[in-house]
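Understanding the architecture of this molecule
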Amino acid sequence: MDVNEKQQILLRMLPGIDHILELAKSEPFFDNIPKSVLARSARYVVENLRRAILNGSPDITDKSLPDSLILENVKNSVQDAMRLNLRRTINATGVVVHTNLGRSLLADDAVENLLTIASRYSNLEFDLSKGARGSRYSNVEDILCEISGAEAAMVVNNNAGAVFLCLETISKGKKVVVSRGELVEIGGSFRIPDVMAKSGGILKEVGTTNRTHLKDYESAIENDTGLLLKVHKSNYSIVGFTADVSLEDLVALGAKYHIPVMEDLGSGTFVDFSKYGLLKEPTVQESVAAGADVITFSGDKLLGGPQAGIIIGKNDLLNEIKKNPITRALRIDKLTLAALESTLRNYRNIDTGMDSIPTLRMLTLPFGHIETKAKELGKMLENIGDTRMSIKLINLSSRAGGGALPLLNLPSKGVGIEVQGISANTIEKYMHNNELPIIGRIEDDIFIMDLRTIQDDELLIIKNAFNNMLKRA
Ligand SMILES: *Cc1c(COP(=O)(O)O)cnc(C)c1O
C-alpha cells in the first residue's frame, strides 16, 4: 500500500502503548482497572487509529490525535471491556420465546432452586436411599412420567441433542421413514436431514410436500427400516390441499411391522392452548397417549424452563438410549436440572402454573392488561416533556416464537415513538446501546415496543433510556 507523506506524519504521531499506560496512571478512572484490560484497550485504540490513517480517513488530522482524546478513547474501550458480554436485555419485540434473547424466563422457584444447587453440594449423582452412586437423570424422571403419562424419561443438553441421540441409538445404519412435508429446518442450522446423516440414520423420504398418506409410509417399509419418524412442523404451516398421517395411524403401522415410532415435537407443551383461546398445539400427553415409542421436545420453548432436551417414551427404548455412551457428551448440567425439576413441578397444578411460568403467563396475558401497561408507559414517556417526541399507542400482534404456533397472532398493544430529528434507526441503535439494552422493532419507520414481553419493573428503565437519549440528542 502506498503511504503518502501526510499519512507517514500521522503514523509517526501515534503514541506507543507504554506512553498510554503512563498517561493512564494520572487518571483515577484507571486505578482499579486490571492491567490486562488497560493494555488491550490501549492496543485496540492505537490499532484502530493506525487503520483509519492507512484508509485515509478524513476524520484523522494532527489535531485529532492529542493525548487527551486518545485517553478518552481508551476509557471508552475499557468501559466496554469491563461490561459483561452476556447481559440482561429488555425484550420489547413481543416474541415471547425469542431464541436470540434467551427463550424462556424461569419461574421464581426454578431460579431459587438453581441458586441453591449452584452454590451448595447436592445429591446430583448420589442415591440417598442406597447411599451409593446414583444417576443424575433420575432426578427428573419421576416428575416427567407423572405429568406426561410416559413409562420412562431422560434429559440431555437440548432437543437437537435429544433427536440426535435417539436416532443414533435406534436407527444407526437403518432407514428412517419421514414425510417430505416434515423435513424441517429450524434456526441455527438444525436440519432434520443433516442431523439424520450425522446420526448414521438413512433418510427415506415419503409423500410430497403437501400430502403424505399412510400408504406412502407402508410402501417405504423394507427389511432395514429402523424407525418411523414424525417431526412437528414447528415454524411453518402447510395450508390448502394437504394430508397428514396422524401419530395414532403411524403407531398402528409401526406395530404391524414391529418398527418403533418416534415423534420430535419440537417445542413440546403440556398445556392445551386451545383452552386459553389460542390455537391448538399438540401436547406431550396426547403423543404419549397415541402410543409413540419415543418423544422428544425442548425444555426452553413453550415448556418455559431452561435449555434442555427431553426424551420420554417406552421403557425398552429409553433403556437403550440411556446406555448410549453419547449421552455423556450431551450431558445436562446440574443447574439446568435444578431449574428443570422446579419448572416441571409447576405443572402439577396448571391453574397456578399458567401464572408462575413466565412463558405461559406472557402467552395468555389478557389484552386489557397489556393495554393498561402500554398506556402507563406512554404516559411516563410523555411526562419527560420533550416536544420533539410523539408517542402513540398501536395495536400489534405478538408471536409465540421458538418455532411454535407459527400461525398464531396474539393481539397486543405497543407504544410507538417518533422523535423529530432522530430517525427510527438511530433510536433503535441508541436503545441497543443503552446500559440495559432495549430490543424493539421498527415498523413503518416508527420505533415500537410491544408491552406483552416487557416486564412490569422495566417501564421506568425504558423511560430513563429515552430521557438520556433526548438529553444527548
Ligand atoms: C426447536 C426444535 C428442535 C431443536 O430444539 P433445541 O432445544 O433448540 O435444540 C428440534 N426439532 C424441532 C421440530 C424444533 O422445533
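The paragraphs below set out a description of the structure included in this document. Along each chain, residues carry numbers from 1 onward, in the same order as the chain's sequence is written. Two thresholds apply to this predicted model, a pLDDT of at least 70 for residue-level local features and 80 or more for giving and counting side-chain atom pairs, whereas whole-chain, interface and lining totals are computed over all residues. To get the side-chain values, take all heavy atoms of the structure and skip hydrogens and water.

**Re the site of the ligand**
Neighbouring residues are identified by heavy atoms, a residue being near a molecule or strand if any of them is within 4 Å of it. Around the ligand there are 13 residues in total, and Ala160, Ser234, Asp264, Ser298 and Lys301 lie nearest to it. Think of a polar contact as two N or O atoms within 3.5 Å of one another; within protein, one of them needs to be a possible hydrogen donor and the other a possible acceptor, and neighboring residues in sequence only count if both atoms come from side chains. Within the side chain of Arg103, an N or O atom sits 3.0 Å from an oxygen atom of the ligand. Burial of the ligand by the surrounding chains reaches 95%, relative to a free accessible area of 380 Å². Numbered from the N terminus, helices here are DSSP runs of H or I no shorter than four residues, and strands are runs of E no shorter than two. Elements represented by at least two residues in the shell around the ligand include exactly helix H7 (159–171) and strand S11 (261–266). Computed by Shrake-Rupley with a 1.4 Å probe, the accessible areas treat only the displayed protein chains as cover when residues are assessed.

**What about a nonpolar patch on the surface?**
The residues that make up patches have over 30% relative accessible area and no salt bridge, and they are joined within 9 Å when like-charged or within 5 Å when they are Val, Leu, Ile, Met, Phe, Trp or Tyr. Think of a salt bridge as a Lys or Arg side-chain nitrogen and an Asp or Glu carboxyl oxygen that are within 4 Å of each other. Where nonpolar side chains cluster on the molecular surface, the patch consists of Val239, Leu279 and Leu407 and spans about 300 Å² of accessible area. Residue position: Leu279 is located in the loop between S11 and helix H11 (284–290).

**A word on the packing of aromatic side chains**
For this analysis, a ring pair means two rings from Phe, Tyr or Trp (six-membered ring only for Trp) whose centres lie within 6.5 Å, classed as stacked if their planes differ by under 30 degrees, edge-to-face if by over 60, and tilted for the remaining angles. According to the stated counting rule, one finds 4 aromatic pairs in the structure shown. For the pair Phe270 and Tyr347, a centre-to-centre distance of 5.2 Å together with 65° between the ring planes defines the contact as edge-to-face. Of the two residues, Phe270 sits in the loop between S11 and H11 while Tyr347 sits in the loop between helix H13 (334–345) and helix H14 (350–356), which places them 77 residues apart along the sequence. Like Phe270, the residue Tyr347 is buried in the burial classification. With a centroid separation of 6.3 Å and an interplanar angle of 50°, the aromatic rings of Phe447 and Phe466 are classed as tilted. Taken together, the residues Phe447 in strand S18 (residues 446–450) and Phe466 in helix H18 (residues 459–472) connect sequence positions 19 residues apart. Of the two residues, Phe447 and Phe466, neither departs from the other in class, the shared state being buried. Here the aromatic residues Phe270, Phe297 and Tyr347 are joined through ring pairs into a cluster of three or more. It is Arg211 that lies over the ring of Phe241; its NZ or CZ is 3.7 Å from the centre. Buried means the residue's accessible area, taken with a 1.4 Å probe over protein chains only, is under 20% of the maximum for its type, while exposed means over 50%, and partly exposed covers the values in between. Counted as over-ring charges are cases with an Arg CZ or a Lys NZ within 6 Å of the ring centre that also lie within 35 degrees of the ring normal.

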